[in-house]
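Here is what each chain is made of, one letter per residue.
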Amino acid sequence: GAGVSQSPSNKVTEKGKDVELRCDPISGHTALYWYRQRLGQGLEFLIYFQGNSAPDKSGLPSDRFSAERTGESVSTLTIQRTQQEDSAVYLCASSQGIGQPQHFGDGTRLSIL
Amino acid sequence: QKEVEQNSGPLSVPEGAIASLNCTYSDRVSQSFFWYRQYSGKSPELIMSIYSNGDKEDGRFTAQLNKASQYVSLLIRDSQPSDSATYLCAVNDGNQGGKLIFGQGTELSVKP
């Protein structure tokens, strides 16, 4: 079946604007994750959703970041009042359950001018 | 702060040789361990998962896990130039099971 789908693939915006990133997980995967990867850096956990449980938001860097997921489908990551340090590739992954292998989408490359 | 440590490399091996990639982790209660391959400008691609002590083989790849030593390794046999990439070790957070903690990655270069 189809893999994890993310949109847009690239986003360029001005500092101070809000952005919304979308992730469509692999069908049947109950867990969905967001990570951030700055240029030349490792992956940084942001948030994960598992079924109808409360999401683990422990990795969100500030209250400008939020994410939602409807059931076991699409998730959106929203960054308000973007700053230049938000420039990174935002990666979404999904898995069949907690502890199972996570499969990544192609990411959204976010550039803040 | 839970950590995953990898040698940054670059690790250079000749074509056909065995490449050995190592990883140590700090969280004693971690249960799931993964190796990802990341080509430049691309997203991570899962190549191995391992959950129990010992070796797990899949084609040219062998993952090794030693929970007592908190050590995970990946061996790539008969290395090919197409294996040239950054290899990421990832370990689940034992207390927040869904969260993966990634190492900084080891850059592998396979020379023809």
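Up top you'll find the structure we're talking about.
What counts and how
Residues numbered from 1 in each chain as written. Chains lettered and ligands numbered in written order. Predicted model: local features only at pLDDT ≥ 70, side-chain atom pairs only at ≥ 80, totals over all residues. Heavy atoms only, no water. Pairing = 2+ DSSP bridges. Helix = DSSP H or I, 4+ residues; strand = E, 2+ residues; numbered from the N terminus. 1 Å grid on protein atoms, 1.4 Å probe; cavity = no way out; pocket = protein on both sides within 12 Å on 5 of 7 lines; lining within 4 Å. Points joined across faces, edges and corners; volume = space filled by probe spheres on them. Nonpolar A, V, L, I, M, F, W, Y, C, P; charged D, E, K, R; others polar. Axes fitted to C-alpha atoms, helices over the stretch in contact; angles between N-to-C directions. Contact = heavy atoms within 4.5 Å. Salt bridge = Lys/Arg side-chain N within 4 Å of Asp/Glu carboxyl O. Polar contact = N/O pair within 3.5 Å; in protein donor to acceptor, adjacent residues only side chain to side chain. Buried < 20%, exposed > 50% of the residue type's maximum accessible area, 1.4 Å probe, protein only. Core = buried A, V, L, I, M, F, W, Y, C linked by side-chain atoms within 4.5 Å. Disulfide = S-S within 2.5 Å.

Enquirer: An account of the pairing of strand β5 (residues 45-50) of chain B is needed here, citing residue identities and associated values.
Expert: Bridge count between strand β4 (residues 33-38) of chain B and β5(B): five bridges; the pairing is antiparallel. By the bridge assignment, B:Trp35 is partnered in β5(B) with B:Met48.

Enquirer: Quick one: what's the story with the layout of surface pockets, residue by residue and with numbers?
Expert: Rolling a probe over the atoms, with the probe sized like a water molecule, indicates the empty space that remains. The space that makes up the largest pocket amounts to roughly 750 Å³. Lining the largest pocket are 32 residues; nearest its centre among them are A:Gln37, A:Gly40, B:Gln38, B:Gly41 and B:Lys42. Among the elements of the structure, β8 (88-95) and β10 (108-112) of chain A together with β9 (85-92) and β11 (106-111) of chain B are those that each provide at least two residues to the lining of the largest pocket. Split into classes, the residues belonging to the lining of the largest pocket amount to eight nonpolar, 19 polar and five charged. Of the voids in this model, the second largest pocket is the one considered here, and its volume is about 380 Å³. Lining the second largest pocket are 18 residues, and of these B:Gln1, B:Lys2, B:Glu3, B:Ile101 and B:Phe102 sit closest to its centre. Mapped onto the lining of the second largest pocket, the elements with two or more residues apiece are β5 (43-50) of chain A together with β1 (4-6) and β10 (100-102) of chain B. Of the residues that constitute the lining of the second largest pocket, the class distribution is six nonpolar, six polar and six charged.

Enquirer: Let's hear about the sheet that holds strand β6 (residues 65-69) of chain A: which residues, and what values?
Expert: All names here are of chain A. With respect to topology, four strands assemble into an open sheet ordered β1-β3-β7-β6, the strand pairing being antiparallel. Unpaired on one side and paired on the other, β1 (5-7) and β6 mark the two borders of the sheet. Strand-to-strand, the axes of this sheet are offset by a mean angle of 15°, without reference to chain direction. Judged from the five bridges that link them, β6 and strand β7 (residues 75-79) form a sheet pairing that is antiparallel. Its bridge partner lying in β7, Arg69 is registered against Ser75.

Enquirer: Could you give an account of the interface of chain A and chain B, with specific residues and numbers?
Expert: At the interface, 21 residues of chain A touch 19 residues of chain B. At the junction of chain A and chain B, the tally comes to zero salt bridges. The interface formed by chain A and chain B holds nine residue pairs in polar contact (both at pLDDT 80 or more) in total. Within the residue set of the side of chain A that touches chain B, elements represented by two or more residues are β4 (31-37), β5 and β9 (103-104) of chain A. Grouping the constituent residues of the side of chain A that touches chain B by class yields nine nonpolar, nine polar and three charged.

Enquirer: An account of the sheet that holds strand β8 (residues 71-76) of chain B is requested, with residue identities and associated values reported.
Expert: Residues and elements named next belong to chain B. With respect to topology, five strands assemble into an open sheet ordered β1-β3-β8-β7-β6, the strand pairing being antiparallel. Whereas interior strands pair on both sides, the edge strands pair on one side only; in this sheet they are β1 and β6 (54-58). Direction aside, the axes of adjacent strands within the sheet are offset by 20° on average. Sheet analysis places strand β7 (residues 61-66) next to β8, joined by six bridges and oriented antiparallel. Along β8, the bridge assignment pairs Leu65 with Val72.

Enquirer: Help me get a handle on the environment of A:Ser7, residues and values and all.
Expert: Residues and elements named next belong to chain A. Tracing the chain through its elements places Ser7 in strand β1. Judged by its relative accessible area of 33%, Ser7 falls in the partly exposed class. Expressed as a C-alpha distance, the spacing of Ser7 and Arg22, which sit 15 residues apart in the sequence, is 5.2 Å. Apart from residues lying up to four places away in sequence, Ser7 is in contact with Leu21, Arg22 and Thr108.

Enquirer: Residues and numbers for the nonpolar core, please.
Expert: Counting residues in each nonpolar core, the largest one holds 24 residues, and the members touching the most others are B:Trp35, B:Val72, B:Leu74, B:Ile76 and B:Tyr87. For this core, the elements supplying multiple residues, two or more each, are β3 (19-25), β4, β5, β7, β8, β9 and β11 of chain B. Counting residues in hydrophobic clusters, the runner-up holds 20 residues, among them A:Leu21, A:Leu46, A:Ile47 and A:Ala88.

Enquirer: How would you explain the state of the cysteines if you had to name every residue and give the values?
Expert: Counted under the stated rule, the structure contains two disulfides over all chains. Sulfur-sulfur distance for the disulfide between A:Cys23 and A:Cys92 comes to 1.9 Å. An S-S torsion of about -70° defines the bridge between A:Cys23 and A:Cys92 as left-handed. In this pair, A:Cys23 sits in strand β3 (residues 19-24) while A:Cys92 sits in strand β8, placing the two residues 69 residues apart along the sequence. Sulfur-sulfur distance for the disulfide between B:Cys23 and B:Cys89 comes to 2.1 Å. Every disulfide takes its handedness from the sign of the S-S torsion; for B:Cys23 and B:Cys89 that torsion is -70°, giving left-handed. Placement of the pair is B:Cys23 in strand β3 and B:Cys89 in strand β9, with a sequence separation of 66 residues. Comparing B:Cys23 with B:Cys89 shows no difference in burial state: the two are buried.

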